[in-house]
Amino acid sequence: FLSFLAAAAAGGITSSVALCDAGPDHRVGGKDSTELVVRGERKCVPQQFIEELASFLGENLTVDYEERSFHGTPQNSFHKAVNVPDVVVFPKSQYEVRNIVMTCNKYKVPIVPYGGATSIEGHTLAPHGGVCIDMSSMKKIKSLHVEDMDVVVEPGVGWIELNEYLKPHGLFFPLDPAGPGATIGGMCATRCSGSLAVRYGTMRDNVINLQQAVLPDGDVVKTGSRARKSAAGYDLTRLIIGSEGTLGVITEVTLRLQKLPSHSVVAMCNFQTVKDAADVAIATMHSGIQVSRVELLDEVQIRAINMANGKSLPEVPTLMFEFIGTEAYALEQTLLVQKIAAEHHGSDFVFVEEPNAKEELWKIRKEALWAGFAMKPDHEAMIT
């Protein structure tokens, strides 16, 4: 992989013009772009290319416009693309992914890997057309190592389905993105986090290694072993996590697991200003209290939640917490944070321990985006 990059940098690799190349003056989006529509350069893929894909994919391929439009129009993305993929493929194995990548390289066709489609930042747009590789058919849980607290999965496995599988073993995967349909492959590609990141870190902290078809010639690279402690070579795992499909197509992931907590407490507190709420979050971290979640909702967000769900919450900056551990430990941490909140003008501190009550409180945060739409139904969401 590194030899390939070095050769490319030295000009040692030459190739014919790709279907998305449009000359040195062409730019799509960019750091300072406020364009709503992402304009790409699209050239029709040859029929021979479609036929070559069909030769090993069979019926796991479609050129149906509705299917292509669905895959090229991500839900709730502020940016839209003029073009959609020319073809959507549904590989069922690493072998098929490898062949797809090799065929795309042969014909210089752009590739857009596609996971659970819960991203709201335009990751699955296809401004240049090309091939959308839908990984939803690769959803096997290949091996679970309870003693080592890790699991090997294919990229199409959903995080909710994975946690249902792990629950009888007393384990769980500690990332919870807002999208319930998010898949492990997409979560790796976008370096997702979720509300538990404050305790368990983001995706890069919870992936042990990746296996993926990286190079255009179809070479498959494994970025590390299952060993927790290893400093040999470059950390390619962290390089690829968050690369959003630009460095390759992930075909297998080894994930770090955590022990299911025996008890949890969810708390909510109101503040006069956002600064007061932020000061409480900082003071809580500095006190050494191990919070598993802490989320801030400002007064506008609370107003949206009230409008969307018929609630009557005080429309002021609000912090939400979760504490985990033994019953005694979680309650002790809750009361300590209550004291910290009181010192920073916090009010209406409430906490719940019943499962249904906890779920109802976190539902407020999980539905924040849709609550925003309910408040401003004639507006678009611009995700930052």
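Description of the structure in this document. (Residues numbered from 1 in each chain as written. Predicted model: local features only at pLDDT ≥ 70, side-chain atom pairs only at ≥ 80, totals over all residues. Heavy atoms only, no water.)

Turning our eyes to something else, we now look at the packing of helix α10 (residues 274–286) against helix α12 (residues 327–342). Two numbers describe how α10 lies on α12: the axes approach to 9 Å, and their chain directions differ by 135 degrees. In terms of orientation, α10 and α12 fall into the oblique class. Handedness of the α10/α12 crossing: right-handed. Packed against α10, whose contacting residues are V280, A283 and T284, the element α12 presents V337, I340 and A341 at the interface. Each residue belonging to the contact of α10 with α12 can be placed in one class, and the counts come to five nonpolar, one polar and no charged. (Axes fitted to C-alpha atoms, helices over the stretch in contact; angles between N-to-C directions. Helix = DSSP H or I, 4+ residues; strand = E, 2+ residues; numbered from the N terminus. Parallel < 35°, antiparallel > 145°, perpendicular 65-115°, else oblique. Left-handed = near helix turned anticlockwise from the far one by under 90°. Contact = heavy atoms within 4.5 Å. Nonpolar A, V, L, I, M, F, W, Y, C, P; charged D, E, K, R; others polar.)

Turning to the pattern of salt bridges, a few remarks are in order. Scanning all chains against the criterion turns up 11 salt bridges. The salt bridge involving K106 is made with E52; its shortest N-O contact spans 3.2 Å. Of the two residues, K106 sits in helix α4 (residues 94–107) while E52 sits in helix α2 (residues 47–57), which places them 54 residues apart along the sequence. In this structure K106 comes out as exposed when scored by relative accessible area, which is 53%. Overall, E52 belongs to the partly exposed group, its relative accessible area being 23%. Among the salt bridges present, the one from R365 reaches E295, with a minimum N-O distance of 2.5 Å. Placement of R365 in helix α13 (residues 355–366) and of E295 in strand β15 (residues 291–297) is noted, with a sequence separation of 70 residues between them. Of the residues examined, R365 reaches a relative accessible area of 30% and is grouped as partly exposed. Here the residues in one salt-bridge network are D176, R293, E322 and K366, joined through shared partners. (Salt bridge = Lys/Arg side-chain N within 4 Å of Asp/Glu carboxyl O. Buried < 20%, exposed > 50% of the residue type's maximum accessible area, 1.4 Å probe, protein only.)

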